[in-house]
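Survey of secondary and tertiary structure
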Amino acid sequence: NAGVTQTPKFRILKIGQSMTLQCTQDMNHNYMYWYRQDPGMGLKLIYYSVGAGITDKGEVPNGYNVSRSTTEDFPLRLELAAPSQTSVYFCASSYPPRPTNEKLFFGSGTQLSVL
Amino acid sequence: AQSVTQPDIHITVSEGASLELRCNYSYGATPYLFWYVQSPGQGLQLLLKYFSGDTLVQGIKGFEAEFKRSQSSFNLRKPSVHWSDAAEYFCAVGGYGNKLVFGAGTILRVKS
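Residues numbered from 1 in each chain as written. Chains lettered and ligands numbered in written order. Predicted model: local features only at pLDDT ≥ 70, side-chain atom pairs only at ≥ 80, totals over all residues. Heavy atoms only, no water.

**Details of the overall build of chain B**
Helices and strands together make up the secondary structure of chain B, namely zero helices and 12 strands. In chain B, the succession of α and β elements from N to C terminus is β-β-β-β-β-β-β-β-β-β-β-β. Here the C-alpha radius of gyration of chain B, 13 Å, is about what a compact globule of 112 residues would show, namely 13 Å. Principal-axis analysis of the C-alpha atoms gives chain B an extent of 40 × 30 × 20 Å. Counting only residues that meet the buried cut, chain B has 49% of its 112 residues in that class. With 10 positive and 8 negative side-chain charges, chain B shows a spacing of 5 Å between the two charge centroids. (Helix = DSSP H or I, 4+ residues; strand = E, 2+ residues; numbered from the N terminus. Rg over C-alpha atoms; globule rule 2.2 N^0.38 Å. Buried < 20%, exposed > 50% of the residue type's maximum accessible area, 1.4 Å probe, protein only. Lys, Arg positive; Asp, Glu negative; His and termini not counted. Charge placed at Lys NZ, Arg CZ, Asp CG, Glu CD.)

**Some points on the nonpolar core**
Counting residues in each nonpolar core, the largest one holds 27 residues, and the members touching the most others are Leu19, Trp35, Leu47, Leu48, Phe74, Leu76 and Tyr89 of chain B. Those elements that provide at least two residues to this core are strand 2 (10–14), strand 3 (19–21), strand 5 (32–38), strand 6 (44–50), strand 8 (64–68), strand 9 (73–78), strand 10 (87–94) and strand 12 (106–111) of chain B. When residues of this core are assigned to their parent elements, the largest contribution, four residues, is made by strand 10 of chain B. Within the second largest apolar cluster, 20 residues are counted, among which are Leu45 and Phe90 of chain A together with Phe34 and Leu44 of chain B. (Core = buried A, V, L, I, M, F, W, Y, C linked by side-chain atoms within 4.5 Å.)

**Digging into the side chain of Asp8 of chain B**
Residue and element names in this part refer to chain B. With respect to the secondary-structure elements, Asp8 resides in the loop between strand 1 (3–5) and strand 2. You can call Asp8 buried: its relative accessible area is 18%. Asp8 has contacts with Arg22, Gly105 and Thr106, leaving out every residue within four places of it along the chain. (Contact = heavy atoms within 4.5 Å.)

**Details of the state of the cysteines**
Residue and element names in this part refer to chain B. Enumeration over the complete set of coordinates arrives at two disulfides over all chains. One disulfide in the model links Cys23 with Cys91; its S-S distance is 2.0 Å. When the S-S torsion is -65°, as for the bridge of Cys23 with Cys91, the disulfide is left-handed. Taken together, the positions of Cys23 in the loop between strand 3 and strand 4 (24–26) and Cys91 in strand 10 put the pair 68 residues apart, joining distant regions of the chain. (Disulfide = S-S within 2.5 Å.)

**Let's talk about the layout of surface pockets**
In this structure, the largest pocket spans a volume of roughly 340 Å³. In terms of lining residues, the largest pocket is bounded by 16 residues, among which Phe90 of chain A together with Gln38, Pro40, Gly41 and Gln42 of chain B are the most central. Breaking the lining of the largest pocket down by element, the ones donating at least two residues are strand 9 (87–94) and strand 11 (110–114) of chain A together with strand 10 of chain B. Of the residues contributing to the lining of the largest pocket, the split by class is five nonpolar, nine polar and two charged. Its volume calculated, the second largest pocket comes out at about 200 Å³. Gln37, Asp38, Pro39 and Gly40 of chain A together with Glu88 of chain B are the residues nearest the centre of the second largest pocket, which is lined by 15 residues in total. Elements supplying a minimum of two residues to the lining of the second largest pocket: strand 4 (31–38) and strand 9 of chain A together with strand 10 of chain B. Across the lining of the second largest pocket, the residue classes break down as seven nonpolar, six polar and two charged. (1 Å grid on protein atoms, 1.4 Å probe; cavity = no way out; pocket = protein on both sides within 12 Å on 5 of 7 lines; lining within 4 Å. Points joined across faces, edges and corners; volume = space filled by probe spheres on them. Nonpolar A, V, L, I, M, F, W, Y, C, P; charged D, E, K, R; others polar.)

Encoded structure:
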């Protein structure tokens, strides 16, 4: 039972390069999320999706794009990498928002450095 | 706007001692409250959650938390800390729809 899988685990980018962080889940969850984690700042929501074909911005969407063509996959795209995007990125998924089942399942993270 | 404050960036406790991690929240409606734990190099794992009912909730690994509406707090406690509890702990608040807002985290160190 894989849960939420993120690739790659580590990546170094040069300023201006682009890349895609991959996220896939095998739990048939409708909701998926991308967070970034910076020291002393907790997790900030970048984008989220409530189902295939539906995405919306979170708190810090600038510089990122997402797509959700399938229930399983929710890739995060950085088009022009900047040093401010150096962070640890977490993908998460959850069941539909029923209170008794609300729980986020997290991937193990992608550590990204932009130099 | 909803927000979460974890006043303590670092806490160090001796193994076997009791633990309390503080969390204060701001939320305009009935909050859903969560505590997550993150071990080094890992994603976050849910410890416990509060939606309604009994204000003292039990979680995994012997943790509990108490919701105090009058104080807008949801502090995490454990009566006896083990070395394996060393990790970073995040409090989060949300409402219906699962868009959680996380606190900045508290790093717990356990000394033997």
